[in-house]
Amino acid sequence: MKNDIVIDYIKANWDRSIYRDANGSGFMGLDIPYPYTSPCIKGEGHFYFFFYWDTYFTNLGLLRHGRHQQAKDNIRNMLWLIQANGYMPNHVGIYNRSQSPYLCRMVKEYLAATGDEAFLPECAQGLRQEYNFWFTARNTPTGLSRHGHHDTAEGCAHFYDGALVGRLGLPKDVPFAEKAIVGGHFMANAEATCDFSNRFDSRCMDFIPVDLNSLLYEYELFLGECSAKLGWKEDALWAKRAALRIVRMTRYLWNEEQGLFLDYDFVNEKPGKVPALTGVQVMANGVATKEQAARIVANLPLFERAHGVAYTSEVPGCRQYQWAFPNVWPPMVYMTVDGLRKYGYETDARRIASKYLETTRQLFAKTGQLWEKTDAEVVQVAGGEYKAAPMIGWTAGVYIALKEYLETGANA
């Protein structure tokens, strides 16, 4: 891999984003057992504890830089938290919700990079336990899963008074019951890893998210492989669940008119109104048919601008939210490129990857930092809800992975 100033910066700063808890020094007093990576360097950003989905994208870089033990330790911490809680928390200290489940991808890619098959039984058991949480606690009458929370009405109202009043400017003087309901929906939106977005019409728990079910499809396929290797005798179960999920996703989430997978409002029985990159992500998870993939690729102009792919299309009111147009988020850039590559759309994949690398380089040259989120229309740090954090984490991991892809043609 050719050197550049961004790679040099990442290599010099990996260790500053790794933490080791001891004697109650962990976030909110919880010491997790193994060293872990945080999105930000302490003192240079406010996300300095152990997050769920962020860590998958950090691991992309750790594995490619030969830091296999740290990638494994991140996984072991998640397995420990799943065993203790029955699910992986949003981040250490936040137990009223999880986040979009990327642990299966973390495990698969760690095993592929290291050949550490002795680690498989422990991983497989943890993944099966986590899957059961999504299959039961987050199930809907459609047979597909949604996001939610397990906080009290008081907790949801407190979330409203804090995050929603402070970040979205919602009115504070509303009845408690309304705060509890609205706060609960937005807490589920936070579990959906896009806090906050216009995808769910402020009613996240009423929607079936495309990305969540795409990820669970990967779990079903992989757990079927684990069953065969480990003698669980559940091969048929996992094959059936995966096949059913494809049928249900096609029925409820594929929108033939728009040529995209859209979130589905199962309460009102209608598709969501906001196209998002999550409808492209299904290609990374192997959900789309070849015909569906062609329609999806034809819709890339909804999201793509001169300096990247925005999280959603441009619709009225979108700029109120940070997980909406025109903001570019490194994880979704990676999932978009990964999906395009897997379905053979190399020209599109390489173009979008190149935009991410070039924007990251230009901003680094100006600021000396990597950033949590950028703008698809101009080369600048993105806004919305709160000031963007300088970040190693997913920004570094995605940069490393996409640079390797462009230079070697290796998996994104």
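Here we summarise the structure given alongside this text. (Residues numbered from 1 in each chain as written. Predicted model: local features only at pLDDT ≥ 70, side-chain atom pairs only at ≥ 80, totals over all residues. Heavy atoms only, no water.)

Structural notes on the overall build of the chain
Across its full length, the chain carries 14 helices and 11 strands. Whereas a compact globule of 412 residues would reach a radius of gyration of roughly 22 Å, the chain reaches 20 Å, a difference of no more than 12%. Its C-alpha atoms give the chain principal-axis dimensions of about 55 × 55 × 50 Å. When the 412 residues of the chain are sorted by exposure, 61% land in the buried category. Put simply, of all contacts in the chain between residues at least 6 apart along the chain, 67% involve residues at least 24 apart. Surface exposure of the chain reaches about 15,400 Å², of which carbon and sulfur atoms provide 52%. Averaging the positions of the 43 positive and the 46 negative side-chain charges in the chain gives two centres separated by 2 Å. (Helix = DSSP H or I, 4+ residues; strand = E, 2+ residues; numbered from the N terminus. Rg over C-alpha atoms; globule rule 2.2 N^0.38 Å. Buried < 20%, exposed > 50% of the residue type's maximum accessible area, 1.4 Å probe, protein only. Contact = heavy atoms within 4.5 Å. Areas by Shrake-Rupley, 256 points an atom, 1.4 Å probe, with all protein chains shown as cover. Lys, Arg positive; Asp, Glu negative; His and termini not counted. Charge placed at Lys NZ, Arg CZ, Asp CG, Glu CD.)

Some words on unusual backbone geometry
Following Asp-195, the chain continues into Phe-196 via a peptide bond in cis, with omega recorded as 5 degrees. Position of Phe-196 relative to the elements: it lies in the loop between helix 7 (176-191) and strand 3 (207-208). Following Phe-325, the chain continues to Pro-326 via a peptide bond in cis, the omega torsion being 10 degrees. Residue Thr-193 is not a glycine yet carries a positive backbone phi of 70 degrees. Residue placement: Thr-193 occurs in the loop between helix 7 and strand 3. Residue classification places Thr-193 among the buried positions, given a relative accessible area of 3%.

Comments concerning empty space enclosed by the protein
Summed over the entire model, instances satisfying the criterion amount to 3 cavities of 30 Å³ or more. In this structure, the largest cavity encloses a volume near 60 Å³. Lining the largest cavity, in full, are Pro-330, Tyr-356, Thr-360, Leu-363, Gln-369, Leu-370, Trp-371, Thr-374 and Thr-395. Sorting elements by how many residues they give to the lining of the largest cavity places helix 13 (residues 346-367) first, with 3 residues. For the lining of the largest cavity, the residue count by class is 5 nonpolar, 4 polar and no charged. (1 Å grid on protein atoms, 1.4 Å probe; cavity = no way out; pocket = protein on both sides within 12 Å on 5 of 7 lines; lining within 4 Å. Points joined across faces, edges and corners; volume = space filled by probe spheres on them. Nonpolar A, V, L, I, M, F, W, Y, C, P; charged D, E, K, R; others polar.)

A short note on the nonpolar core
Membership of the largest hydrophobic core comes to 135 residues, with the highest contact counts inside it found for Phe-57, Leu-103, Tyr-334 and Leu-402. When near neighbours in sequence (up to four residues on either side) are disregarded, Leu-103 contacts Tyr-52, Ile-75, Met-78, Leu-79, Ile-82, Leu-127, Glu-130 and Tyr-219. (Core = buried A, V, L, I, M, F, W, Y, C linked by side-chain atoms within 4.5 Å.)

Some points on the pattern of salt bridges
Within this structure, the stated rule accounts for 30 salt bridges. Here Glu-234 makes a salt bridge to Arg-128, at a shortest N to O gap of 2.8 Å. Remark: Arg-128 occurs in helix 5 (residues 120-136) and Glu-234 occurs in the loop between helix 8 (210-230) and helix 9 (235-252); sequence separation between them is 106 residues. The salt bridge involving Lys-342 is made with Asp-338; its shortest N-O contact spans 3.3 Å. One end of the pair is Lys-342 and the other is Asp-338, both in helix 12 (residues 330-342) and 4 residues apart, which spans about a single turn. (Salt bridge = Lys/Arg side-chain N within 4 Å of Asp/Glu carboxyl O.)

Considerations on the environment of Asn-77
As for its position among the elements, Asn-77 is in helix 3 (residues 68-85). With a relative accessible area of 0%, Asn-77 lands in the buried category. The spatial distance from the C-alpha of Asn-77 to the C-alpha of Thr-55 is 11 Å, given a sequence separation of 22 residues.

Here we look at the side chain of Asn-198
One can find Asn-198 in the loop between helix 7 and strand 3. Excluding its chain neighbours within four sequence positions, the residues that come into contact with Asn-198 are Val-274, Thr-312, Val-315, Cys-318, Tyr-321, Trp-323 and Ala-324.

A look at the packing of aromatic side chains
Counted according to the given criterion, the structure contains 31 aromatic pairs. Judged by centre distance (5.7 Å) and plane angle (85 degrees), the ring pair of Phe-47 and Phe-51 falls under edge-to-face. Note on Phe-47: relative accessible area 16%, which makes it buried. Centroid distance Tyr-252 to Tyr-264: 5.3 Å. Interplanar angle 50 degrees. Geometry classified as tilted. On the criterion of sequence distance, the pair formed by Tyr-252 in helix 9 and Tyr-264 in strand 6 (residues 264-265) is long-range, its members being 12 residues apart. (Phe/Tyr/Trp six-rings, centres within 6.5 Å; stacked < 30°, edge-to-face > 60°.)

Some details on the packing of helix 6 (residues 153-168) against helix 7
At a minimum axis distance of 7 Å, the contact between helix 6 and helix 7 shows a crossing angle of 75 degrees. Here helix 6 is positioned roughly perpendicular relative to helix 7, judged by the angle of their axes. Residues Ala-153, Glu-154, Gly-155, Cys-156, Ala-157, Phe-159, Tyr-160, Asp-161, Leu-164 and Leu-168 of helix 6 form the contact with helix 7, whose participating residues are Phe-176, Lys-179, Ala-180, Val-182, Gly-183, Gly-184, Phe-186, Met-187 and Ala-190. Grouping the amino acids of the contact of helix 6 with helix 7 by side-chain chemistry returns 13 nonpolar, 3 polar and 3 charged. (Axes fitted to C-alpha atoms, helices over the stretch in contact; angles between N-to-C directions. Parallel < 35°, antiparallel > 145°, perpendicular 65-115°, else oblique.)

What to know about the sheet that holds strand 7 (residues 270-271)
Spatially, the 3 strands line up as an open sheet ordered 3-6-7, and their pairing is antiparallel. In the strand order of this sheet, the two ends are held by strand 3 and strand 7, each with one partner. Note that strand 6 and strand 7 share 2 bridges and pair antiparallel. The partner of Tyr-264 across the bridge, within strand 7, is Pro-271. (Pairing = 2+ DSSP bridges.)

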